[in-house]
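Next come the chains, spelled out residue by residue.
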Number of protein chains: 2
Amino acid sequence: MATPQLTKNQSLVMGALAHSEGPMSAYTILDKLRDQGFRAPLQVYRALDKLLEYGLVHRLESLNAFVACTCPHDHEHDRGVTAFTICEGCGQVTEFHDEAIEERLSALVRAQNFKTEKTTIEIRGHCGSCAA
Amino acid sequence: MATPQLTKNQSLVMGALAHSEGPMSAYTILDKLRDQGFRAPLQVYRALDKLLEYGLVHRLESLNAFVACTCPHDHEHDRGVTAFTICEGCGQVTEFHDEAIEERLSALVRAQNFKTEKTTIEIRGHCGSCAA
DNA sequence: TCAATTGCGTTATGCTATAACGTGTGCGAT
DNA sequence: ATCGCACACGTTATAGCATAACGCAATTGA
Ligand SMILES: [Zn+2]
Ligand SMILES: [Zn+2]
Ligand SMILES: [Zn+2]
Ligand SMILES: [Zn+2]
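Attention here is on the structure that accompanies the text. (Residues numbered from 1 in each chain as written. Chains lettered and ligands numbered in written order. Predicted model: local features only at pLDDT ≥ 70, side-chain atom pairs only at ≥ 80, totals over all residues. Heavy atoms only, no water.)

### A few points about the pattern of salt bridges
All names here are of chain B. Our working definition: Any Lys or Arg side-chain nitrogen located within 4 Å of an Asp or Glu carboxyl oxygen qualifies as a salt bridge. Relative accessible area decides the class of each residue, using a 1.4 Å probe on protein chains only: under 20% of the type maximum gives buried, over 50% gives exposed, and in between gives partly exposed.
Under the definition given, this model contains 10 salt bridges over all chains. In this structure, the salt-bridge partner of Asp31 is Arg34, at a minimum N-O distance of 3.3 Å. For Arg34, a relative accessible area of 39% gives the class partly exposed. Of the charged contacts, one joins Arg59 and Glu61 as a salt bridge, the two residues approaching to 3.1 Å between their closest N and O atoms. Assessed through its relative accessible area of 28%, Arg59 is described here as partly exposed.

### Overview of the protein's contact with DNA strand D
Applicable threshold: Proximity criterion: a residue is near a molecule or strand once any of its heavy atoms comes within 4 Å of it. The term polar contact refers here to a pair of N or O atoms within 3.5 Å; inside protein, the definition further demands a hydrogen-donor-capable atom paired with an acceptor-capable atom, and it admits residues adjacent in sequence only when both atoms are side-chain atoms. A run of H or I in DSSP becomes a helix once it reaches four residues, and a run of E becomes a strand once it reaches two; helices and strands are each numbered from the N terminus. Following the grouping adopted for this structure description, the nonpolar residues are Ala, Val, Leu, Ile, Met, Phe, Trp, Tyr, Cys and Pro, the charged ones are Asp, Glu, Lys and Arg, and the polar ones are all others, Gly among them.
Surrounding DNA strand D, one finds 15 residues, the nearest of these being Thr7, Gln43 and Arg46 of chain A together with Tyr27 and Arg59 of chain B. Protein-adjacent atoms of DNA strand D, using a 4 Å cutoff, are sugar or phosphate at a proportion of 45%. Between Thr7 of chain A and DNA strand D, the recorded distance is 2.8 Å, taken from a side-chain N or O atom to a phosphate oxygen. Taking Tyr27 of chain B, its side chain carries an N or O atom lying 2.7 Å from a base nitrogen of DNA strand D. Of all the secondary-structure elements, those providing two or more residues to the surface near DNA strand D are α1 (8-18) and α3 (41-54) of chain A together with α3 (41-54) of chain B. Ranked by the residues each element gives to the surface near DNA strand D, the list is headed by α3 of chain A, at 4 residues. Grouping the constituent residues of the surface near DNA strand D by class yields 5 nonpolar, 5 polar and 5 charged.

Structure, rendered in structure tokens:
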């Protein structure tokens, strides 16, 4: 998916996520953007849908929240699997990718005769700084 | 976590999940159990909390839904990682486990100096019967 | 007996996400 | 030009998921 020019709302949501320390829920984003004229959840969700489609943003299923993609390349991990560590202490999210896991998962799933459309890998725990 | 005797509510929720074809949301479970006297979401959520703790039930984060554990052993996958394929067509959920993925993930996470508490792996797609 | 724990029931509330409707704008085809 | 279409947008209402806070009852163990 090539990334077209973002619309005003998409840019505002992207900016909010990019400048955030950690993940944000759609409603948290909404609150951050009220001063820029946002009034309703759909304004956020519609922008997020596009940003997810362009690969600029990831959804964290276990948090019902969103983060900006930190992948160094051109968000071309369409084919690849994206994984996250999520610290319960400080909220820090780290995105990472690994071909070995991709290939192993792919083989296991193929053995089930299953066709993958989207893979979610999220690891909850504590980062080095927050470990008790 | 040893599995104590289930209470009445826990048994009812467990039964509903065990006899279901696929995953169920807490509110769907509630509706199924109204005839057995269930009246409020908390009755379901409290039972689910315990069943999750005992390892008899898994939560599917990408669906906000729950499934009975199909693991053949005594639900002793406390140490292990549980993964799921989830068919968007028929709703079928297949639970599986793989040591190679566990070890690879474990190594990657350790390299981040991160302490894992819970790992979520969910693969959305289409099963063999439902593949377009 | 007394305190602590656990499960239960109820009401109310909060958070997450989408349905349904209408408006406006740009742009190619007729 | 103007028609038709696609797309973004704004608004209101509603649906779906989850928990807070209160009180009561049964169990257990000191
Ligand atoms: Zn990314
Ligand atoms: Zn941390
Ligand atoms: Zn299991
Ligand atoms: Zn299927």
